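# Results of the structural survey
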Amino acid sequence: MSFGTRRPWLTIAVILGITAFFALQLPKTTLDNDVMNFIPEEHPASQAYQRTSDLFGGNLVLGIGIEFKRADIFNSKNIDLIRGLTQQIEELPNAEDVMSLTNTDFIEGTAEGMKASPLIGEDFEGTEEELRTLKSKLLSWDIYDKTLYSKDFSATQILVTFPDGLDDEQRQELYFQIEDIMQSVEDVPLEYHIAGNPAMTVLLSTNMRSDLVTLIPMVIVVVLLTLYLAFRRLGGVLLPTLTVIVSSIWTVGAMAMLSVPLSIVATVIPVLLVAVGSAYGIHIVSHYFDEVDRCSEDVGKDRRREIVEETMRRVRRPVLMAGLTTIAGFGALATSQVVPMRNFGIFTAVGVLAAVIVAVTFIPSILLVRKDRTRKCEDGEDGGKEGYHPVLMSLYHFFDKGRVRILILAVLVGVVSLYGMSLVVKDNAIIEYFKEDSNVRQADRFLRTKFSGTEFFDVVIRGEKPGDLTNPEILKAMDDMSSYLVEEYEEVTRVNSFADFIKRMNQVMNYPPDIEESAQETAASSGGAKEQEGTGFSSFVSDDSGFNSGFSSEGFSEGQSRPSESDQSDRTENQQSRSAGGISEHQRYLSPVDFDKQFTYGDFARLANRAYAGTDNVEMTGRRLIELINKEMNYRGAAYYEIPYDPAKYPPENRQGLSNLISQYLLLYSGSMDEWADDALEPEQVKMTVQLNTTGSRESKPIVEAVHNYADRYFPDGYTVETTGSALVKYALTNLLVDAQTRSILISLSLVFIIVAFTFRSVAAGIFAIIPLGFAVIINFAVMGFAGIKLDISTAMVASLAIGIGIDYAIHFMSTYHYERLRTDDLETVTVRTLGTTGKAITFNAVSVAAGFAVLIFSKFNPLMYLGVLIAITMFTSSLASMTLLPVLLELFKPKFISRPIRQKPKEVV
Amino acid sequence: MTERNTQFSRGIKRGFMLLVLIAGVAAALPAINGREVIENVEDKPSGDTMHSLVQMTLIDSSGSEKQRLIENWSKESQEGNKSIIVFHKPASVENTRFLTVENPGRDDDQWIYLPALGRVRRIAASEGDSSFMGTDFTYDDMQSRDVEESTYTLLREERAQGRDCYVVESVPKESSDSQYSRQVAWVAKEIWVPVRVDFYDKQGELFKRMTVSRIERVQGFWTPINTTMKNLQTGHSTKLDIQRLEYNEELQDGLFTVNFLKTGRP
């Protein structure tokens, strides 16, 4: 190694310079744990999500569940508190939209018309009467159910929408401002629970920060300790550790420089580099000390140079080889479409490369410029060997006695593992990243059980031209679909839909008149019309009713006659002629009802039975009975809480007329429907939101399918349906993870196979090398399957990581085996010698990597904990398989490559 | 606040007022203050009645357009202003009629007639800050305002939209009275027409900008003919173009009644 050794000071300066450069980049590090950014921007699910947010506004909703410990929500003190909290949150700069009990409008019908007012007005004083009115208002429209009140009225929610454009820091700021506000509540006993996508994103980032701070020092200590126990020499331990710290700084610095944000899995990068990268330095350092130890006199400057150069000559190749296979294993993850996984693959590969470069340049330079220190030559190696020999040997003898036994065992383990593999649940539930007892898990559970949940997806219904979404046929089909989803799927807690608002306005506008007022109104209108007819009135718009324009008319009107003024007076007749039974359904409902009239038991029985006849289930709830009675009596327009669909029940004669009616209803919402429709009057696209009480992504799949099937079957032609939203992005993410995992395993295995086959100049060598790995990978999945560890963003990487690291064991073993095999034909001696030398190295390495990864057990995140455990297990299984299964197979099949000399010397063993 | 603090702040205030006074004298006294500018805007003659045909063009951020056409009659009277809006386009809301009767000292009365329903319904709603027909104008934007509700500052004089203007900032006295935290208006001198208004949202961010590109003198009254309101946060904008206009038409009271809503005849 010429560069590293010729000018050691220069090398050290350059390496330190580069390290300083990257260290300066570190403050630029950004975090991004928004799941929406985990799938590539060009992915259809991401595009659909983006389109929907652009059209209907963002839907990153934070839910704050507030449960009162004293009294329920219908209590003046509690309402004052909610009002205060709402105002404080509304004042926060980035809180785009805040919805709570105290700032929500209520639309109701009155005998005269419509009244829109806040649920809780400014003059609300909290009297018993007001509280009862509030309760009945909330109960009168089910849109508030599970949103503003829980079933037992003990809890309410404040929903805060986070704007789409916020970066990680701004989200954190807003989240903690809200948390501070909640924490500042003192005089009212309550519990609050904050959950939802923004909370998860923020908490992923903050917990990740604390993970990094605790885990990195911990892994360094653990690896140092393991290495020290193995080498029992400080120098042999400090230098390799230094190289991995340097390479970690390069890697994370490079990410910061290239503005690649760190996500939760990136926490593993430094841990992995420390655990894995130290191996390269160890090769060099241990060789060096072996050489130094061989001499019993003082090592002079020149002698040391010789030793270093000799060491580098011998070690360079195996180190590069080990580095290359590891880079191949990790690099395979770069083919993943899952953004954090791809970045992880790219930058761990870069990190390993950096670790290799630093190891082969920095370490020899340091060794050369170290202060001369006379040292006694030790015989450390034997001491180390003693401990391991017996174990490895007994292991060998156990297997040697029955090669058949080991094969049968292997096959058995394989079969059981394949079964276990089939049990692996593929589900990337972000909330389950957090520990079971974490606040956010508990908050999420609270919102899922008391309210409509934190997960949802949107259904966008698209017509072909503006106004298509006022067609009663599609709106009725949408409304039916809402009921279908809620009834058929337990996971569906609510469906909020554009159609709900049309139904409500239809109800409000068809509120039956009071007896007295209706009489007055009729008198007034019939009296007034004649007196003033035909005087001094002109319209700019000429229409068929014959008003002449003050200007020369250009005909602004479409000229189409609507069922409006001209046929006004005929309407009643029209209705009657259409209904065979004399009095029309419309008239029956809209005729004034005397709610104060004397009521007989007979009347009541008849009413109850008529209402009951409307049920779709013989066993019904009290709530449903009340609904049916209200409908029967058209109490407050209850008979009209529906999409105006049947022309027999409404003034317009046909569906087109009803469609216009719906546009006119929309006019009354005066453009406040932006969240649900793309146009204030004649929408072409509208939205429904299906809320779920699930945590994972896989439960949403059958429901999404049901939506599409329902639409295919029952929606009229000319409408398309698109499902989008966070639940679907997560579902897409899960699928991408599965794809990415399969692909990266195949690529890792093939690359490793090619490298080994090339080195040994033998295809068979490649096959033998990947057998122990394949075994370890299968067992890994079996462990996941039996232990119920889900396949998520980090466990999906375990296999590729295991291949990248574990291949070294097979290569080490095969190289030494080959070396020994050339020396003797006695296979037992070959195996014993191989285990005696390389077995020790493999064991050291596997233990130190496993121990390094095991610190992830202390992570705040479940996936990282599982990743740590699983890697530790695969280190054990792959090293064990390399040392047991591999020799048995080599003895059994006696492949040619292992006994013939290779032109180029294969990798050597430390 | 403690006694000393109060005295201290009073002292500051006094000193500040003195400074303002000196600065005012030194600046050769603009003959008018902010409040007077706005009073001139609100008080300028605009006829007893007004009858207009207004085309509204909604333009979204990608540039696609939608048309609305409304006709509007309004009449000033002692007991409050009255106005009728008849919707002409889109066809689905054609002949929907809307009556507003302002009541001094209490909420306005509003009725709407939906032709497809054949019923007149009274509307009781505080919808001032919601969008008018999906445009970038809110109901409040389209109403005249009560000068008493805000405080005004004349910021400077400068040219805008090709005219010499007074630039006046208005801040609502009660923040809950307005959907905006403040407005800055460029009022054309002599004719007292605001030619540009910047609206700031509650968070203090610039939210919407209204600009007037054409002003005409119709029957002696200065009238903005082409007005654009742009939402600077979403990129959506609305153009209001007056297509027909007549002042001082003789409009009988029967026009502004529930009966007219129902029959279309006064």
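Source: prediction; values computed, not measured. Position labels on residues start from 1 in each chain and follow its written sequence. Chains carry letters and ligands carry numbers; both start at the beginning, A for chains and 1 for ligands, and go up in the order they are written. Reporting of local features is limited, given that this is a predicted model, to residues whose pLDDT is at least 70; pairs of side-chain atoms are given and counted only at 80 or more, and all residues count toward the totals for whole chains, interfaces and linings.

## A word on the overall build of chain A
As a reminder, the rule being used: Going along the chain from the N terminus, every DSSP run of H or I of four or more residues is numbered as a helix, and every run of E of two or more is numbered as a strand. In this description, a residue-residue contact is defined by the distance between C-beta atoms placed from the backbone, which must lie within 7 Å.
A count of helices and strands for chain A gives 29 helices and 10 strands. When contacts within chain A are restricted to residue pairs at least 6 apart in sequence, those whose partners lie at least 24 apart make up 79%.

## As for the overall build of chain B
This is how the line gets drawn: In this scheme the burial state of a residue depends on its C-beta neighbours within 10 Å: 20 or more other such atoms mean buried, 12 or fewer mean exposed, and anything in between means partly exposed; the C-beta positions come from the backbone.
For chain B, the helix and strand inventory stands at 3 helices and 13 strands. The buried share of chain B, taken over its 266 residues, is 34%. Considering only intrachain contacts with a sequence separation of at least 6, the fraction spanning at least 24 residues in chain B is 40%.

## A short note on the nonpolar core
For clarity, the threshold we go by: The nonpolar core is taken to be a set of buried Ala, Val, Leu, Ile, Met, Phe, Trp, Tyr and Cys residues joined by way of C-beta atoms within 7 Å.
Ranked by size, the top nonpolar core spans 271 residues in total, and within it A:Val271, A:Val338, A:Ala359 and A:Ala769 carry the most contacts. Grouped together as the second largest cluster of nonpolar side chains are 18 residues, B:Val187, B:Phe199, B:Met210 and B:Met229 included.

## Focus: the sheet that holds strand 6 (residues 190–195) of chain A
Residues and elements named next belong to chain A. Cut-off, in case you're wondering: Criterion used throughout: strands pair if DSSP finds at least two bridges between them. Note on geometry: axes are lines fitted to C-alpha atoms, helical ones only across the stretch in contact, with angles between N-to-C directions running from 0 to 180 degrees.
With antiparallel pairing, 4 strands are arranged side by side in an open sheet as 2-5-1-6. Each edge of the open sheet is held by one strand with a lone partner, namely strand 2 (97–99) and strand 6. Adjacent strand axes in the sheet meet at a mean angle of 15 degrees when their direction is disregarded. Set on the sheet, helix 7 (residues 197–231) makes contact with strand 1 (60–68), strand 5 (155–162) and strand 6; between it and strand 1 the angle comes to about 100 degrees.

## Re the sheet that holds strand 9 (residues 685–692) of chain A
All names here are of chain A. Strands sit in the order 8-9-7-10 across an open sheet of 4 strands; the sheet is antiparallel. If you trace the sheet from one side to the other, it starts and ends with strand 8 (492–497) and strand 10 (720–724), each paired once. Across the sheet, the axes of successive neighbouring strands diverge by a mean angle of 20 degrees, strand direction being ignored. Where strand 8 and strand 9 come together, 5 bridges link them in antiparallel fashion.

## A closer look at the environment of A:Gly718
Relative to the helices and strands, A:Gly718 is located in the loop between helix 23 (700–714) and strand 10. Residues A:Gly718 and A:His193, 525 residues apart in the sequence, show an inter-C-alpha distance of 44 Å.

## Examining helix 24 (residues 726–760) of chain A
Our working definition: Between the first and last residue of a helix there are one fewer steps than residues, each counted as 1.5 Å, and that sum is the expected span.
The end-to-end C-alpha distance of helix 24 of chain A, which contains 35 residues, comes to 50 Å, matching closely the 51 Å that a straight helix rising 1.5 Å per residue would cover. Phi turns positive one or two residues past the end of helix 24 of chain A, at A:Arg761, with a value near 55 degrees.

## Let's talk about the packing of helix 2 (residues 8–25) of chain A against helix 8 (residues 235–257) of chain A
Residue and element names in this part refer to chain A. This is how it is decided: When describing relative orientation, an angle under 35 degrees is termed roughly parallel and one over 145 degrees roughly antiparallel, while 65 to 115 degrees is termed roughly perpendicular and anything else oblique. Definitions for this section: a left-handed crossing has its near helix turned counterclockwise from the far helix by less than a right angle. A right-handed crossing has that turn clockwise. Amino acid classes used here: Ala, Val, Leu, Ile, Met, Phe, Trp, Tyr, Cys and Pro are nonpolar; Asp, Glu, Lys and Arg are charged; the rest, including Gly, are polar.
Orientation of helix 2 relative to helix 8, taken along the N-to-C sense of each, is 45 degrees, at an axis distance of 8 Å. Taken together, the axes of helix 2 and helix 8 lie oblique to each other. In the crossing of helix 2 with helix 8, the sense of the turn from one axis to the other is left-handed. On helix 8, the residues that touch Ile15, Ile18, Thr19, Phe22, Ala23 and Gln25 of helix 2 are Val246, Ile249, Trp250, Gly253, Ala254, Ala256 and Met257. Considered class by class, the residues forming the contact of helix 2 with helix 8 number 10 nonpolar, 3 polar and no charged.

## A few points about the confidence of the model for chain B
Residues and elements named next belong to chain B. As a reminder of what qualifies: Per-residue confidence from the predictor is given as pLDDT, running between 0 and 100.
Mean pLDDT over chain B stands at 83; residues scoring 70 or higher make up 87%. Taking the mean pLDDT of every element in chain B, the minimum, 52, falls on helix 1 (residues 3–26) and the maximum, 93, on strand 10 (residues 193–200). Low pLDDT, under 50, characterises residues 1–6; the predicted model gives this stretch 1 contact beyond four residues in sequence or across chains. For this predicted complex, the interface score ipTM comes out at 0.83, while the overall pTM is 0.81.

## Here we look at the environment of B:Ser64
Residues and elements named next belong to chain B. Relative to the helices and strands, Ser64 resides in the loop between strand 1 (49–59) and strand 2 (65–75). Taking the C-beta count within 10 Å as the criterion, Ser64 has 8 such neighbours and is therefore assigned exposed. Once the C-alpha coordinates of Ser64 and Arg97 are considered, the two residues, 33 residues apart in sequence, prove to be 27 Å apart.

## A word on helix 21 (residues 622–633) of chain A
In this model helix 21 of chain A runs 17 Å from its N-terminal to its C-terminal C-alpha over 12 residues, within 8% of the 16 Å that 1.5 Å per residue would give. After helix 21 of chain A finishes, the residue A:Asn634 shows a positive phi value of roughly 50 degrees.

## Brief notes about the environment of A:Pro895
Residues and elements named next belong to chain A. Along the polypeptide, Pro895 turns up in the segment after helix 29 (885–893). As a C-alpha pair, Pro895 and Pro472 span 423 residues in sequence and 76 Å in three-dimensional space. In this structure Pro895 touches Ala764, Phe768 and Leu890, once residues within four positions along its chain are discounted.

## A closer look at unusual backbone geometry
Omega for the peptide link from B:Lys89 to B:Pro90 comes to 5 degrees, which places this bond in the cis form. Positionally, B:Pro90 belongs in the loop between strand 3 (82–89) and strand 4 (97–103). Positive phi, close to 60 degrees, is recorded for A:Phe153, a residue that is not glycine. Position of A:Phe153 relative to the elements: it lies in the loop between helix 5 (128–140) and strand 5. Assessed through the 15 C-beta atoms surrounding it within 10 Å, A:Phe153 is described here as partly exposed. In this structure, B:Asn95 takes a positive phi of about 70 degrees despite not being glycine.

## Notes on the packing of helix 13 (residues 403–422) of chain A against helix 25 (residues 763–787) of chain A
Packed helices, taken two at a time, are described by the angle their axes make and the gap between the axes. Residue and element names in this part refer to chain A. At their nearest, the axes of helix 13 and helix 25 sit 7 Å apart, and the two run at 50 degrees to each other. As summarised for this structure, helix 13 and helix 25 are arranged oblique, according to the angle between their axes. The interaxial crossing formed by helix 13 with helix 25 has left-handed handedness. The segment helix 13 lies against helix 25, with Val413, Gly414, Val416, Ser417, Leu418, Gly420, Met421 and Ser422 engaging Ile778, Ile779, Phe781, Ala782, Gly785 and Phe786. Residue composition of the contact of helix 13 with helix 25, grouped by class: 9 nonpolar, 5 polar and no charged.

## As for the pairing of strand 12 (residues 221–231) of chain B
All names here are of chain B. In terms of strand pairing, strand 11 (residues 206–218) meets strand 12 through 10 bridges, oriented antiparallel. Across the sheet, the residue bridging to Thr211 is Thr228, located in strand 12. Here strand 11 hands over to strand 12 after 2 residues, with Gln219 in that stretch at a positive phi of 50 degrees. With 5 bridges joining them, strand 12 and strand 13 (residues 237–247) adopt antiparallel strand pairing. Note that in strand 13 the partner of Asn226 across the bridge is Asp241. Hairpin connection between strand 12 and strand 13: a loop of 5 residues separates the two successive antiparallel strands, and Gly235 in this loop has a positive phi of roughly 85 degrees.

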